[in-house]
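Next come the chains, spelled out residue by residue.
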Amino acid sequence: MCGVAVRNSSTRKMSLRNSSQLALQLRSSAFFTTGLSGYHSSVSSRAAAVRGVALKATSSVNSRLFSTAYGKNLRLLIRNKSSFSHPNINREDGSAAHSYFHRSERRKSTLAACSTIADEASTSTSKCSESGTDTKKDIAKKKNSRGSKKEVSADVKEKKVSTKKKSTSAKTSKTAAKTTEKASAKQEEKKVDASKPKKGVGSSKEKKTVTRSKKPVKAKESAAIAAAEAKNCMKTTVDSSGSERRPLVPLYPPVAKSVVVVESATKAKVIQKYLGDMYEVLPSYGHVRDLAGRSKSVRPDDDFSMVWEVPTAAWTHLKSIKVALKGAENLILASDPDREGEAIAWHIKEMLEQQQDVLGSHVTVARVVFHEITEDAIKNALMSPRYIDMDLVNAYLARRSLDYLIGFGISPLLWRKLPGCQSAGRVQSAALALVCDRETEIERFSPQEYWTVDTEFKTQCSDSSKGLCLTSRIKLLNSKKLDQLSISSQEEARAIEKRIYSCQFEVRGVKRSKICKNPPMPYITSSLQQDAANKLHFGAGRTMKVAQKLYEGISLSSEQTTGLITYLRTDGFHISDGAAEDIRSLVKERYGKQYAPEDIRKYLNKVKNAQEAHEAIRPTSIRRLPSSLIGILDEDSLKLYTLIWRRTMACQMEASRTELIQVDISNPEGDMIFHSSASRLDFKGYQAVYEDTEASGSSESPEGEAAHQDNFEALSKLKMKDLASPVNVNLGQHFTKPPSRYSEGALIKKMEELGIGRPSTYASIMRVLQDRKYVTIKSRVLHPEFRGRMVSAFLSHLFSEIADYSFTANMETELDNVSAGSTEWKGLLTDYWERFSKYCTDASQWDVRKVERMLEEKFLPILFPDLDTDSRVCPSCSEGTLRFKVSRYGEGYFIGCDRHPKCKYIARTLSDEDDENETSEETPKSFEPRLLGVKPDTNEK
């Protein structure tokens, strides 16, 4: 806190209250003690009644000694200029104004005016106290705005930055109004202060380092100056960190040379063609730096500072940007419009600022975002530049730090306790737990027997001489509704069969209805991956690779290179009004007005923790039909584009209508009822687009929605009281099935429902689980390996919070709060780290043998499927017991004697040998000699 205190003592002795306090000594009887607020930035004031004024502030930065000379002007003499680089401290020449010493609402003078002569101390103390209080919020905002950059970039050198005003336009206007109202009343009080130094008020300049000189301002001019400052502040904007900046001017049409930085070379080539010679578009090839791949790159004990590492290739890309900036006035950062893209832009800016004279006062750094790579979208984005959103950057830093701490906290424990288990991660571990838990459910599943009774009836319609045959299933027996497991044995089924043959039946009820099926929602990242897996048999990684190609741009024969779809990493279902109107217009042209709804369809997000920052995935031009791209796109790209085009068209079409008829046939008593139904498509609605072969080149049954019309005509002729005779009774034996294993698409859907992960992480999670050999894919289904199951069991036992599904989902919510600016990211990490470090400490105390016993108990039915505890005696030494053991020197796991090394008996190993043997047996078959052709010269095969 920054306080103001008056002391009786007139001594010149230095005052040091705590480690972060700066002592300032006046050469008169008054003295100051100040502390620069580095993290908490809180200011308060207190006053006494006699000589001397003391200012105090708590701080986490290193303290520096100052001395002040009281005179007509207050000067701070820096005794250690080389080690002190605070941007707001006044130098002896008065070049940089101290942010703590500025005008308050009550007093239009600086806090330096508090250093008065002894006989004026008592009258000025109360005003200084009020000024210190008003300064509190401004100091806090200023300190926090620089907190992320100074505390995160541990390897970045301290730089001198310009001092900027921290009051908003509204507050400044209020100050001006109050000052004008009280100027005449306080004119005499301010005559003494009029001779003291005042801060000059001028328009803020867009320079990296600005020097301002103190100018004496008379008390009579204070109201006019405040009004002018308010007018000037009205022209500024406030960024996410609270810092005031001038609004950026549109960067299109160009008025000077600009350098545009995007992520990929393909995207750079496409955008360069749109913008012309006044813009130079360069790729950064993703992140230009990342956390160093070693331990202690995130330091919780040092306020979560980070150690960044720049790959060798990134220096080349940064050098290209540096060379291009010579003679340029604008640096435009146009990375992807998500959290990662914002972080890439921030990294580039930080790295360029480290190099002297690269981003000088003449270079304006701007951030632009676009959701599709088309000429109009790019130019519109350049007309709406903004500054880097530090809330998004802080969310990235929090996620990156959290994943690093979990990975480097758990992974070394896995290496020591379970050799061969390579890593664990926050989202990766939750996904692995889903797969392993499903496998456990399958193993514990006990199938149940049940029977079905289907009967073929021959009916005699009242208006037809010919009988009709229909099949019905029993739904009511002895006046009780039957469920799936009601008929549990063959004896029960046979008894029902005899009763059916002995009864006469009649039509008891006929019900007609219409069912409307709404069109599907447009694609988001997860639903696109699921549909591509189900319909195209694409893995998540393959889907994202093809979609990235469609997004970055394809060279078309009839026009220049353009992006075919909008941004592919999204969880928002909304479509822009302009695009939706264009879709509805095309629907009317191709299918008729009855297929387009009266208004645009709006879709609400049902995804947990959805950010909805971007549009749904759609074609950039809906009039670019898939059939027009045949021969231009490769097979995979055309299939995926067709999938996206159909879904986008369908989402803005009318619902399909199906006519349903249901018939109940019962015995005269009414205690045995059979049910039969049939349907007929009445209006295609959105299904028309799936049958449009002219537009897409192929037809598709939309998600199995083809209407079943086999029995509709027969059932529609039946009327009440029509007689029905049983012709044949079919008894079917069935068994309940265990839950199915996850496919990639099903796992992504489940993760989405639980709020685990983000659209950009699904594909990478699938890849990591397979690369670590935790899961394998067989027949497009995920099977957990024993190694993966051990890791999941280890985490669930020793890191129960990490393995819990809700932990990862809640953490995603917290990260979204950081993105919104409602949660402080370091506070979030501190709260988590306190709990996680305790888990690590407890887990490190477990030795390998204790881990072996825990895993043996967990997987006893798998490790010893045919042996009980009494029959696990070692057959070699007859003294030991067969146990699950971990190899000390390799990646092996085996069943062996617990008297090792005295007895080296091994019953069996637990590895992938069986799978490898199966592969090796099949391998020669796949490499049998085949005739590929003959040599043209010798006709030799």
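Located above this text is the structure these notes cover.
Residues numbered from 1 in each chain as written. Predicted model: local features only at pLDDT ≥ 70, side-chain atom pairs only at ≥ 80, totals over all residues. Heavy atoms only, no water.

Novice: Which residues make up the overall build of the chain, and what are the values?
Specialist: Of the regular secondary structure elements, the chain holds 26 helices and 28 strands. Looking at the chain as a whole, 51% of its 941 residues qualify as buried. For the chain, restricting intrachain contacts to residue pairs at least 6 apart in sequence, the fraction spanning at least 24 positions comes to 71%. For the chain, the accessible surface area stands at approximately 45,500 Å², while carbon and sulfur atoms represent 49% of it. (Helix = DSSP H or I, 4+ residues; strand = E, 2+ residues; numbered from the N terminus. Buried < 20%, exposed > 50% of the residue type's maximum accessible area, 1.4 Å probe, protein only. Contact = heavy atoms within 4.5 Å. Areas by Shrake-Rupley, 256 points an atom, 1.4 Å probe, with all protein chains shown as cover.)

Novice: An account of unusual backbone geometry is requested, with residue identities and associated values reported.
Specialist: With omega at 0 degrees, the peptide bond leading from tyrosine 252 into proline 253 counts as cis. The residue proline 253 is located in the loop between strand E8 (244-245) and strand E9 (258-262) in this model. Phi at lysine 296 is positive, roughly 65 degrees, even though this residue is not glycine. Its location among the elements puts lysine 296 in the loop between strand E11 (290-291) and strand E12 (298-299). Positive phi is not limited to glycine here, since phenylalanine 304 has a value of about 55 degrees. Inspection of the secondary structure assignment puts phenylalanine 304 in the loop between E12 and strand E13 (305-306).

Novice: Tell me about the sheet that holds strand E26 (residues 882-886), and name the residues and values.
Specialist: If you walk across this open sheet you meet the three strands as E26-E27-E28, and the pairing is antiparallel. Looking at strand neighbours, the two that pair on one side only are E26 and strand E28 (906-910), the edges of this open sheet. Between one strand axis and the next, the sheet turns through 25 degrees on average, direction left out of account. Looking at chain direction, E26 and strand E27 (residues 893-897) are connected through five bridges and run antiparallel. (Pairing = 2+ DSSP bridges. Axes fitted to C-alpha atoms, helices over the stretch in contact; angles between N-to-C directions.)

Novice: Could you give me a rundown of the pairing of strand E10 (residues 279-283), with the residues and numbers involved?
Specialist: Consecutive side chains of a regular strand alternate in pointing toward one face of the sheet and then the other. Of all the five residues making up E10, four are buried; the element is thus mostly covered by neighbouring parts of the structure. Relative to E10, E9 runs parallel, the two being bridged by five bridges. Bridge assignment links valine 259 to a residue of E10, and that residue is glutamate 280. On the question of chirality, the crossover connecting E9 to the parallel E10 by way of helix H5 (residues 265-275) is right-handed. (Right-handed = clockwise from strand over helix to strand, strands pointing away.)

Novice: Explain the environment of glutamate 598 to me, using residue names and the numbers behind them.
Specialist: Positionally, glutamate 598 belongs in the loop between helix H14 (577-591) and helix H15 (635-650). Taking C-alpha positions, glutamate 598 is 9.3 Å from arginine 584, a pair spaced 14 residues apart along the chain.

Novice: Just give me the short version of the pattern of salt bridges, but keep the residues and values in it.
Specialist: Within this structure, the stated rule accounts for 49 salt bridges. Across the pair arginine 789 and glutamate 443 runs a salt bridge whose closest N-O atoms are separated by 2.6 Å. With arginine 789 in helix H20 (residues 786-798) and glutamate 443 in helix H10 (residues 426-444), the pair connects residues that are 346 residues apart, well separated along the chain. (Salt bridge = Lys/Arg side-chain N within 4 Å of Asp/Glu carboxyl O.)

Novice: Requested: an account of the sheet that holds strand E15 (residues 330-333), with residues and values cited.
Specialist: On the basis of which strands lie adjacent, the open sheet formed by four strands has the order E10-E9-E15-E16 and parallel pairing. Of all the strands in the sheet, just E10 and strand E16 (364-367) have a single pairing partner and so form its edges. Neighbour-to-neighbour, the strand axes of the sheet open up by a mean angle of 20 degrees, direction not taken into account. Packed on one face of the sheet, H5 meets E9 and E10 and runs near 170 degrees to E10. Strand contacts of helix H6 (residues 312-324): E9, E10 and E15, with the helix running at about 170 degrees to E10, the strand carrying the most contacts.

Novice: Explain the nonpolar core to me, and be specific about the residues and the numbers.
Specialist: With 167 residues, the main nonpolar core has Leu331 and Phe799 as its most contacted residues. Here the element with the most residues in this core is helix H9 (residues 390-417); it accounts for 13 residues. Of all hydrophobic cores here, the second largest spans 24 residues; its members include Val663, Ile665, Ala678 and Val729. (Core = buried A, V, L, I, M, F, W, Y, C linked by side-chain atoms within 4.5 Å.)

Novice: So what about the state of the cysteines? Which residues, and what values?
Specialist: For the structure on display, the rule yields zero disulfides. Counting only cysteine sulfurs, cysteine 903 is the nearest neighbor of cysteine 874, a cysteine outside any disulfide, at a range of 3.7 Å. The closest cysteine sulfur to the non-disulfide-bonded cysteine 877 is located on cysteine 897, 3.7 Å from its own sulfur. (Disulfide = S-S within 2.5 Å.)

Novice: Give me the lowdown on the packing of aromatic side chains, citing residues and values where you can.
Specialist: Two aromatic rings, taken as a pair, are described by how far apart their centres are and by the angle between their planes. For the coordinates displayed, the defined rule picks out 18 aromatic pairs. Ring centres of phenylalanine 505 and phenylalanine 674 lie 5.7 Å apart, and the angle between their planes is 85 degrees; on these two criteria the pair is classed as edge-to-face. Of this pair, phenylalanine 505 sits in strand E20 (residues 505-517) while phenylalanine 674 is found in strand E22 (residues 672-683), placing the two residues 169 residues apart along the sequence. On the basis of relative accessible area, phenylalanine 674 is assigned to the buried category, the value being 0%. Among the aromatic residues, those joined into a ring-pair cluster are Phe794, Phe799, Phe807, Tyr832, Trp833, Phe836 and Tyr839. Of note, arginine 289 hangs over the ring of tryptophan 346, and the distance from its end group to the ring centre comes to 5.3 Å. If you follow lysine 850 out to its NZ or CZ, it ends over the ring of tryptophan 846, 4.4 Å from the centre. (Phe/Tyr/Trp six-rings, centres within 6.5 Å; stacked < 30°, edge-to-face > 60°. Lys NZ or Arg CZ within 6 Å of the ring centre and 35° of its normal.)

Novice: Can you break down helix H22 (residues 805-819) residue by residue, with the values?
Specialist: Compared with an ideal rise of 1.5 Å per residue, which puts 15 residues at 21 Å, H22 spans 22 Å between its outermost C-alpha atoms and is within 8% of the ideal. All buried positions along H22 are accounted for by Phe807, Thr808, Ala809, Met811, Glu812, Leu815, Asp816, Val818 and Ser819. The inward-facing, buried residues of H22 abut helix H7 (339-354), H9, H10, helix H18 (744-754), helix H21 (800-803) and helix H23 (825-844). (Expected span 1.5 Å × (residues − 1).)

Novice: Outline the packing of H10 against H18, supporting the account with residue identities and numerical values.
Specialist: It is at 11 Å that the axes of H10 and H18 come closest, and there the two elements cross at 115 degrees. The two elements H10 and H18 meet at a crossing, and its hand is right-handed. For the pair H10 and H18, the contacting residues are Val427, Ala431, Leu434 and Val435 in the first and Leu747, Lys750, Met751 and Leu754 in the second. Of the residues belonging to the contact of H10 with H18, the class tally is seven nonpolar, no polar and one charged. (Left-handed = near helix turned anticlockwise from the far one by under 90°. Nonpolar A, V, L, I, M, F, W, Y, C, P; charged D, E, K, R; others polar.)

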